[in-house]
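Descriptive analysis of the structure
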Amino acid sequence: MPIDTRPKSPTPSGAGADAADTAVPAASGGSDFIRQIIAADLAGDVAAGRPRRTIVTRFPPEPNGYLHIGHAKAICLNFTVAAENGGRCHLRMDDTNPSKEDVEYVDSITADVRWLGFDWGPHFYHAADYFERLYLFAEELICKGNAFVCDLNAEQMREYRGTLTEPGRHSPWRERSTDENLDLFRRMRAGEFAGGARTLRARIDMAAPNIAMRDPVIYRIQHSSHHRSGDKWCIYPMYDFAHCLSDAIEGVTHSLCTLEFVPNRALYDWVLDHVDLSAHSSRPRQFEFARLNLTYTVMSKRTLRLLVEEGHVRGWDDPRMPTISGMRRRGYTPASIRAFCEGIGIARSDNLVQFAQLEFCVRDDLNRHTPRVMGVLRPLKMVIENYPDGRVEYLDAVNNPEDPSAGTRKVPFSRELYIEREDFQEDPPKKFFRLAPGREVRLRYGYFITCTGVVKNEAGDITELRCTYDPATTGGNAPDGRKVKATLHWVAAAHALPAEVRLYNQLFTRENPARVEEGATIFDYLNPTSLELNTEARLEESLTSAAPGQTFQFERMGYFTVDPDSRTGALVFNRTATLKDEWANVLKRGAEG
RNA sequence: UGGGGAGUGGCCAAAUUGGUAAGGCACCUGACUCUGGAUCAGGGAAUUGGAGGUUCGAGUCCUCCCUCCCCAGCCA
């Protein structure tokens with residue numbers, strides 16, 4: 001039965017939620033090497049006269065941190081590839097190391113995957129739930145002479161392992177009898193030995209050029225309680241042993257992981273080859289693809305954790321973080337993240353995707369689904385001298401030009417307004433066609449106005465603009481057909497809502513901060529202006545009851561979403577992304593040329 | 001200097017397995033526009049890491065070389 005991949009948005013998030021409700025396409029256009037392999041496998045079944053196998057994939061996070069955009073790539077791949085083939089995708093906690101894991105993380109992981117729009121149905125699993133079966137497989141290995149209990153400590157084991165260029169040496173405990181191994185392993189389980197005192201190792205080849213095959217540890221003693229199995233176990237299986245067997249137990253057909261696991265594939269296959277899998281229908285195979293790297297950020301869980309723990313950001317869900325929760329708080333939609341993951345493709349070469357590609361995806365989604373509103377970030381007072389004092393007009397404003405069904409709203413207009421400070425220049429450069437002395441522009445949905453004067457303080461700073469309006473241009477159209485080169489957003493001074501607006505910039509100053517130079521640390525590359533707090537913003541009054549999670553386009557300024565910190569009367573917005581800005585490109589070119 | 005993986009416009013990424021280098025992002029130009037947004041139309045940009053070789057024909061096959069990434073946790 002095909003899994004349901006329709007997005008389900010647990011958080012009410014205004015326009016963003018609407019965007020999320022767009023169904024995941026059943027089949028995406030692209031055909032990467034993984035999809036090709038699966039198609040070939042299926043075709044092979046048919047050609048051989050076998051029943052067409054059910055494609056089963058899985059997303060197997062370790063609950064030791066929050067999910068990030070790199071995980072989203074893997075999540076989208078696994079879930080959509082299964083759905084495209086009428087198969088299913090499991091969500092499995094790869095929780096074999098209790099010392100690093102916590103339920104906090106399993107909760108955030110399930111919430112994030114769901115928020116992204118994927119549904120694992122009843123197929124939610126924990127490697128921990130397989131501990132008993134895994135243990136039995138280990139005994140089987142022992143009985144077959146393929147595993148032994150080793151008494152070497154960690155340091156000794158490192159010495160025996162050899163190096164990249166030298167083979168390792170056999171452990172002195174490698175030739176223990178089956179009986180002794182079994183006895184010792186059972187006593188390991190029974191808790192007779194201290195943590196780290198002994199290990200169970202696969203008996204493979206200490207001279208293997210692939211270090212993963214040099215008698216790898218498959219069980220270690222760890223006297224710590226597990227977030228799921230409690231104190232039932234004091235021995236825990238290692239990844240290489242647990243993962244392939246978990247895949248086999250679940251009937252996973254295609255086990256997709258990232259490139260750093262390529263050397264582990266030999267061990268993945270070795271374990272499956274040396275254990276009796278006849279009770280299980282499928283023989284899983286591992287395929288690797290390149291992990292995602294994004295410019296100006298990092299994807300390493302370790303680094304992300306340090307950013308949180310050392311207080312460089314406010315938490316895992318800080319809007320500057322590449323975490324799913326951070327991006328959600330920043331205003332990214334599930335649909336935009338999915339579109340991004342589809343857009344970058346799946347391949348095996350190392351990559352560094354430009355942030356602009358991600359931004360394109362949010363803008364593309366938000367543009368179509370987000371209501372427009374007017375908000376002035378850096379207010380400059382404007383007085384319309386020929387507009388009657390005390391008069392208030394309610395003008396019609398379009399909610400979303402991309403979506404007529406979004407309707408219109410009323411915005412108050414009066415004699416005193418605020419406009420964006422950067423929309424006025426006393427001595428405008430060429431190609432600046434906003435407001436300047438003597439120049440006429442349109443106030444959106446309002447009137448044509450002409451700047452007639454500038455008021456300055458003693459320091460020479462502009463504090464106020466004096467203008468006149470043309471009453472014949474109500475609504476923003478000139479009956480005589482005359483044109484104006486710019487349309488400015490504005491808010492009525494007396495009606496405007498004050499708000500805190502958090503403007504985010506790149507977290508790091510380097511395109512690839514993970515590439516740390518000699519003598520530096522990654523934290524040397526933190527961008528000191530990654531967060532700009534703006535407390536002077538003035539927003540249109542329709543935003544009074546804007547609720548956390550709702551997203552708006554502040555016309556001409558960008559996309560903004562209401563932060564959970566926000567309260568009526570004390571609104572807080574996060575800038576999701578700016579609008580594409582041709583004027584900024586003009587300025588940049590001028591600076592470069 | 002062992003093993004493995006990878007090199008295609010600025011960034012991603014295709015190329016029906018030998019048939020004459022898609023597409024997206026970014027950038028530029030024009031049209032349109034009550035968002036310098038969106039939309040539409042167009043454009044520049046690749047001797048496919050390099051050198052040889054096989055072939056009528058090579059991004060795809062062969063040889064050699066260069067560069068980058070991963071592996072020496074009782075992490076995943």
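Residues numbered from 1 in each chain as written. Chains lettered and ligands numbered in written order. Predicted model: local features only at pLDDT ≥ 70, side-chain atom pairs only at ≥ 80, totals over all residues. Heavy atoms only, no water.

**Focus on the overall build of chain A**
Our working definition: Helix and strand labels come from DSSP, where a helix needs a run of H or I of at least four residues and a strand needs a run of E of at least two; each type is numbered from the N terminus. Type-normalised accessible area, obtained with a 1.4 Å probe on protein chains alone, sets the label of each residue: buried when under 20%, exposed when over 50%, and partly exposed for intermediate values. When checking whether two residues touch, look at their non-hydrogen atoms; a contact exists if any pair is within 4.5 Å. Surface accessibility follows the Shrake-Rupley procedure with a 1.4 Å probe radius. Residue values consider only the protein chains on display as shielding. For the purpose of charge, His is not counted, nor are the chain termini; Lys and Arg are scored as positive and Asp and Glu as negative. For this purpose, a charge sits on NZ of Lys, CZ of Arg, CG of Asp or CD of Glu.
Along the backbone of chain A there are 14 helices and 25 strands. Based on the C-alpha atoms only, the size of chain A along its principal axes is roughly 100 × 60 × 45 Å. The buried share of chain A, taken over its 593 residues, is 52%. The contacts in chain A between residues at least 6 apart in sequence include a share of 71% that link residues at least 24 apart. When the accessible surface of chain A is totalled, it reaches about 26000 Å², and 49% of it is carbon and sulfur. Charge centroids of chain A, computed over 74 positive and 82 negative side chains, lie 2 Å from each other.

**Concerning the sheet that holds strand β17 (residues 448-456)**
For clarity, the cut-off: Strands qualify as paired when DSSP identifies two bridges or more between them.
With mixed pairing, seven strands are arranged side by side in an open sheet as β19-β16-β17-β18-β12-β15-β20. Two strands in the sheet have a free side with no partner beyond their single neighbour: β19 (487-488) and β20 (490-492). Where strand β16 (residues 440-443) and β19 come together, two bridges link them in parallel fashion. Bridge pairing in β19 links Arg442 to Thr487.

**Regarding the protein's contact with RNA strand B**
Here is the rule we go by: Put simply, a residue is near a molecule or strand once any heavy atom of it comes within 4 Å of that molecule or strand. Definition of a polar contact: a pair of N or O atoms within 3.5 Å, with one able to donate and the other able to accept a hydrogen when the atoms are protein atoms, and with sequence-neighbouring residues admitted only if both atoms are side-chain atoms. Residues are sorted three ways: Asp, Glu, Lys and Arg are charged, Ala, Val, Leu, Ile, Met, Phe, Trp, Tyr, Cys and Pro are nonpolar, and all the rest, Gly among them, are polar.
Within the structure, RNA strand B sits among 67 residues, and Arg372, Arg434, Arg442, Gly475 and Gln553 are positioned closest to it. Near the protein, meaning within 4 Å, the atoms of RNA strand B are sugar or phosphate in a fraction of 66%, with bases accounting for the rest. Thr96 places a polar side-chain atom, nitrogen or oxygen, 2.7 Å from a phosphate oxygen of RNA strand B. One nitrogen or oxygen atom from the side chain of Arg348 is found 3.1 Å from a phosphate oxygen belonging to RNA strand B. For the surface near RNA strand B, the secondary structure elements donating two or more residues are α6 (154-161), β6 (217-221), α13 (355-369) and α14 (582-592). Of the residues belonging to the surface near RNA strand B, the class tally is 25 nonpolar, 20 polar and 22 charged.

**Some remarks on the packing of aromatic side chains**
Going by this rule: Whether two aromatic rings pair depends on their centres lying within 6.5 Å, for rings of Phe, Tyr and Trp, where Trp uses its six-membered ring; planes under 30 degrees apart make the pair stacked, over 60 edge-to-face, and the rest tilted.
This structure, assessed with the given rule, holds 22 aromatic pairs. On the numbers, 4.1 Å between centres and 15° between planes, the contact of Phe554 with Phe560 is stacked. Overall, Phe554 belongs to the buried group, its relative accessible area being 0%. We classify Phe560 as buried; its relative accessible area is 0%.

**Observations regarding the pattern of salt bridges**
How we decide: Definition used for salt bridges: Asp or Glu carboxyl oxygen within 4 Å of a side-chain nitrogen of Lys or Arg.
Applying the stated rule across the entire model yields 50 salt bridges. Between Asp45 and Arg53 there is a salt bridge whose closest N-O contact spans 2.8 Å. Look at Arg53 and you get partly exposed, because its relative accessible area is 30%. The shortest N-O distance in the salt bridge between Arg187 and Asp183 comes to 3.1 Å. In this pair, Arg187 and Asp183 both sit in helix α7 (residues 178-190), four residues apart, roughly one turn of the helix.

**Considerations on the sheet that holds strand β25 (residues 571-577)**
The mixed open sheet is built from seven strands, whose spatial order is β10-β23-β24-β25-β21-β22-β11. The strands lining the two open edges of the sheet, one partner per strand, are β10 (372-373) and β11 (375-376). One ladder, built from two bridges, connects β11 with strand β22 (residues 531-539); its direction is antiparallel. Residue pairing in the sheet places Val376 in a bridge with Arg538 of β22.

**Topic: the side chain of Ser229**
The residue Ser229 is located in the loop between β6 and β7 (235-237) in this model. Those residues in contact with Ser229 that lie beyond four places of it in its chain are Phe131 and Tyr236.

**Concerning unusual backbone geometry**
Phi is positive for Asp215, close to 45°, though the residue is something other than glycine. Its identity as a non-glycine residue notwithstanding, Lys431 has a phi of 75°, on the positive side. Mapped onto the fold, Lys431 is located in the loop between β15 (416-420) and β16.

**Some thoughts on the pairing of strand β5 (residues 199-202)**
Residues Thr199 and Arg201 line one face of β5 and the alternating positions Leu200 and Ala202 line the opposite face, and both faces are buried. Here four bridges tie strand β4 (residues 147-150) to β5, and the two strands are oriented antiparallel to one another. By the bridge assignment, Phe148 is partnered in β5 with Arg201. As paired elements, β5 and β6 share three bridges and run antiparallel to each other. Each bridged residue has a counterpart across the sheet, and for Thr199 the counterpart in β6 is Arg220.

**Considerations on the side chain of Asn399**
Structurally, the position occupied by Asn399 is in the loop between β13 (393-398) and β14 (408-413). For Asn399, a relative accessible area of 14% gives the class buried. Residues within four places of Asn399 in sequence aside, it is in contact with Thr370, Pro371, Arg372, Ala406, Gly407, Thr408 and Arg409.

**Things to note about the nonpolar core**
Stated precisely, the cut-off is as follows: Buried residues of nine kinds, namely Ala, Val, Leu, Ile, Met, Phe, Trp, Tyr and Cys, make up a nonpolar core once their side-chain atoms join them within 4.5 Å.
Residues Ile69, Val113, Ile337 and Phe340 are the most contacted members of the largest nonpolar core, which totals 46 residues. Put simply, the parts of the chain that give this core at least two residues each are α2 (33-47), α3 (69-84), β2 (88-93), α4 (103-116), β9 (285-289), α11 (324-330), α12 (334-344) and α13. The element contributing the most residues to this core is α3, with nine residues. If sequence neighbours within four positions are ignored, Val113 has contacts with Phe59, Leu67, Ile75, Phe79, Leu91, Phe118 and Trp120. Val149, Ala248, Trp270 and Leu277 belong to the second largest nonpolar core, which has 40 residues in total.

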